[in-house]
Amino acid sequence: MTINTRDFGEVQIDESTILSFPTGIIGFEDTKRYTLLSPLGEDKFPMWLQSVEATEPCFVVYDPMEIYPDYKFEITDEEQETLRINEDTPYRCLTVAIVPDDYRKTTINLRCPIVINTKENIAAQVILSEHYEFKAPVYAEEV
């Protein structure tokens with residue numbers, strides 16, 4: 001399948017990589033289908049979470065556990081139902097980044113991660129009750 005992307009023009013994707021967001025993403029509730037693009041190589045971050053329906057929305061995303069190894073959270077029963085996950089379901093977690101002109105000031109939203117049921121390609125953005133930052137730095141401050 002060919003999709004038009006915000007940052008990479010036309011890209012071929014395998015339809016099996018399409019992620020379904022039953023409730024959309026906060027602020028983009030009407031867009032339900034996305035794919036992950038890995039321009040730096042397979043499973044290398046940052047990645048782009050690109051709508052397959054249009055060039056926008058598109059989000060730069062990171063695996064928060066690569067940056068903050070102690071990052072842990074719990075999701076509600078309702079969110080587990082939406083995602084069709086339980087304690088045995090394989091999943092991955094991504095966080096949306098804000099990338100300013102000076103990329104060294106990139107931040108990620110740890111409070112509202114995207115959780116993906118990797119077995120069924122169902123995803124949802126969740127709002128955590130844990131007190132994580134909305135703008136956690138990706139890169140360490142230089143001294």
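This one's a predicted model, so the numbers in the text were calculated from it and none came from an experiment.

**Looking at unusual backbone geometry**
Right, so step 1: Of note, the amide linkage connecting Phe 45 to Pro 46 takes the cis form, showing an omega dihedral of 5°.
Right, so step 2: On the secondary structure map, Pro 46 appears in the loop between strand S4 (33–37) and strand S5 (47–51).
Right, so step 3: Along the chain, Glu 56 connects to Pro 57 via a cis peptide bond; the corresponding omega equals 0°.
Right, so step 4: Along the polypeptide, Pro 57 turns up in the loop between S5 and strand S6 (58–62).
Right, so step 5: Positive phi is not limited to glycine here, since Arg 84 has a value of about 55°.
Right, so step 6: Tracing the backbone shows Arg 84 in the loop between helix H2 (77–83) and strand S7 (91–98).
Right, so step 7: Positioned with a positive phi, Asn 121 is a non-glycine residue whose angle comes to about 55°.
Right, so step 8: Turning to its location among the elements, Asn 121 is positioned in the loop between strand S9 (114–117) and strand S10 (122–125).

**Notes on the packing of aromatic side chains**
Right, so step 1: This model, assessed by the stated rule, comprises 7 aromatic pairs.
Right, so step 2: Between the aromatic rings of Tyr 71 and Phe 73, the centroid separation amounts to 5.6 Å while the plane-to-plane angle is 50°, which identifies the pairing as tilted.
Right, so step 3: Owing to a relative accessible area of 3%, Tyr 71 belongs among the buried residues under this scheme.
Right, so step 4: Ring plane angle 55° and centroid distance 4.6 Å describe the contact between Tyr 71 and Tyr 132, whose orientation is recorded as tilted. Taken together, the positions of Tyr 71 in the loop between helix H1 (64–67) and H2 and Tyr 132 in the loop between S10 and strand S11 (136–137) put the pair 61 residues apart, joining distant regions of the chain.
Right, so step 5: Here a set of aromatic residues connected by ring pairs shows up, and it is made of Phe 21, Phe 28, Tyr 34 and Phe 59.

The rules behind these values
- Residues numbered from 1 in each chain as written.
- Predicted model: local features only at pLDDT ≥ 70, side-chain atom pairs only at ≥ 80, totals over all residues.
- Heavy atoms only, no water.
- Helix = DSSP H or I, 4+ residues; strand = E, 2+ residues; numbered from the N terminus.
- Phe/Tyr/Trp six-rings, centres within 6.5 Å; stacked < 30°, edge-to-face > 60°.
- Buried < 20%, exposed > 50% of the residue type's maximum accessible area, 1.4 Å probe, protein only.

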